[in-house]
Amino acid sequence: MAVIKIDTTQYQAQLSEKEQRITSQFQRFGVEQLEVFSSEPINYRQRAEFRVWHDGDDLFHIMFDQQTKEKIRVDTFDPAAPLVGEIMQVMIENLKPCEVLRRKLFQIDYLSTLSGEILVSLLYHKPLDDEWLREIKSLKAKLSEKYKIDFIGRARKQKEVLGDDFVTEQLTVNGQELIYQQVENSFTQPNAKVNISMLEWAQDLCKPLKNDLLELYCGNGNFSIALAGSFNKVLATEISKSSVHSAQYNIAKNNVDNLDIIRMSSEEFTQAMNGERTFSRLDGIDLKSYDCQTILVDPPRAGMDELTCDLVANYENIIYISCNPDTLERDLDHLTRSHNVKRFAIFDQFPYTHHIESSVFLQRK
């Protein structure tokens, strides 16, 4: 059996290396004390994707070594949440003897929650016919006796959904239960427990802040829903249709009545705020009615473009969530012309990798 095993004795050392690296990289911005939030050393990933390898009658998950591109057999995977690890083995046991379900299967994706739901996506190099549907329905019925499990089958120009194409996560944040719909193929934080730490940190920041909040790149409302209670009103933007749909669902589920989501890119919103363009998507939204003194941004790895940086610098308080220290450093060069860094935290979303999630709080000079 091929096991991706983690040496947990190395966890603290790898986290300390990240802390030293980020402290050194951002020292020039006056970062005196880095706040460090650790991960569980194993079983921390709520989602995982694997290629599937066929070897005669055998069938197994594989990963590829990033340096050598060599394929690595994966039967058990320490980073995976316990439910993902369990379902990985259950899937292989049930796929192996079933020619219809295993034939031309090339990838399996798993999306799970702390609340015990899991969605399994099967990707194929063949059309999914009635025979496939019968077999996957039979498998779902069998596994649903024990698990809250749904399936998606994907092939070229084809998507078959058995149940829902999302899971519903429940996170306890500072004693409050928050509900989040997480849709297959949409971005969600992979490390749910570290995500809770990020939300609690952001809530702590926002306690003394007043007036309204603007959030750019809001995704499924992860931060805006958790922070809505700290502000009079919240206005959030997101470009992805599926994420906006999930955010609307999450607003309703959490009974949040002071949050509006607009489907716009940060660039479009900047144009609207500057009066350069009008958008029908803003019908019914009076931008002038908001007194946003705080802005939260959680951009993609590329960071923010210069015009968005200019827009962000107009706000009294800035919360910048970043998955890429290099673009964060570039954007802070811009933002620290007008603002001072007050707090800086790192969250170990991706243990044992080079990646780190950073959160910075800035206030106008």
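Keep in mind the model is a prediction, meaning the values are calculated, not measured.

K.L.:
Can you help me understand the environment of leucine 307 in this one?
P.N.:
Here leucine 307 lies in helix H9 (residues 306-312). Given a relative accessible area of 54%, leucine 307 falls into the exposed group. Sequence spacing of leucine 307 and serine 266 is 41 residues, and the spatial spacing of their C-alpha atoms is 9.2 Å.

K.L.:
Any chance you could explain the sheet that holds strand E18 (residues 339-347) here in plain terms?
P.N.:
Pairing between sheet strands relies on hydrogen bonds along the backbone, with the strands arranged either parallel or antiparallel. Overall, mixed pairing links the 8 strands, which are arranged E2-E18-E19-E17-E16-E13-E14-E15 in an open sheet. Sheet topology places strand E2 (34-37) and strand E15 (259-263) at the edges, where each strand pairs with a single neighbour. The sheet shows a mean angle of 15 degrees between the axes of neighbouring strands, taken without regard to direction. Lying on the sheet, helix H8 (residues 266-273) is in contact with strand E13 (212-216), strand E14 (234-238) and E15; it crosses E13 at an angle near 135 degrees. On top of the sheet, helix H10 (residues 325-335) reaches strand E17 (317-322), E18 and strand E19 (357-364); it is set at about 160 degrees to E17, its chief contact.

K.L.:
It is not clear to me how the UniProt feature "active site" (unreviewed entry) in the chain should be interpreted in this structure. Could you clarify?
P.N.:
The residues that UniProt annotates with the feature "active site" (unreviewed entry) are Cys323 and Glu357. Spanning 35 residues, the named residues nonetheless gather at one spot, since no C-alpha pair among them exceeds 4.6 Å. Mapped onto the fold, cysteine 323 is located in the loop between E17 and H10. Contact partners of cysteine 323, with chain neighbours within four places excluded, come to Pro299, Pro300, Arg301, Ile356 and Glu357. Its location among the elements puts glutamate 357 in strand E19. According to the relative accessible area criterion, glutamate 357 is buried, its value standing at 3%.

Calculation rules
Residues numbered from 1 in each chain as written. Predicted model: local features only at pLDDT ≥ 70, side-chain atom pairs only at ≥ 80, totals over all residues. Heavy atoms only, no water. Helix = DSSP H or I, 4+ residues; strand = E, 2+ residues; numbered from the N terminus. Buried < 20%, exposed > 50% of the residue type's maximum accessible area, 1.4 Å probe, protein only. Pairing = 2+ DSSP bridges. Axes fitted to C-alpha atoms, helices over the stretch in contact; angles between N-to-C directions. Contact = heavy atoms within 4.5 Å. UniProt positions renumbered as here; feature names shortened; annotations may be inferred.

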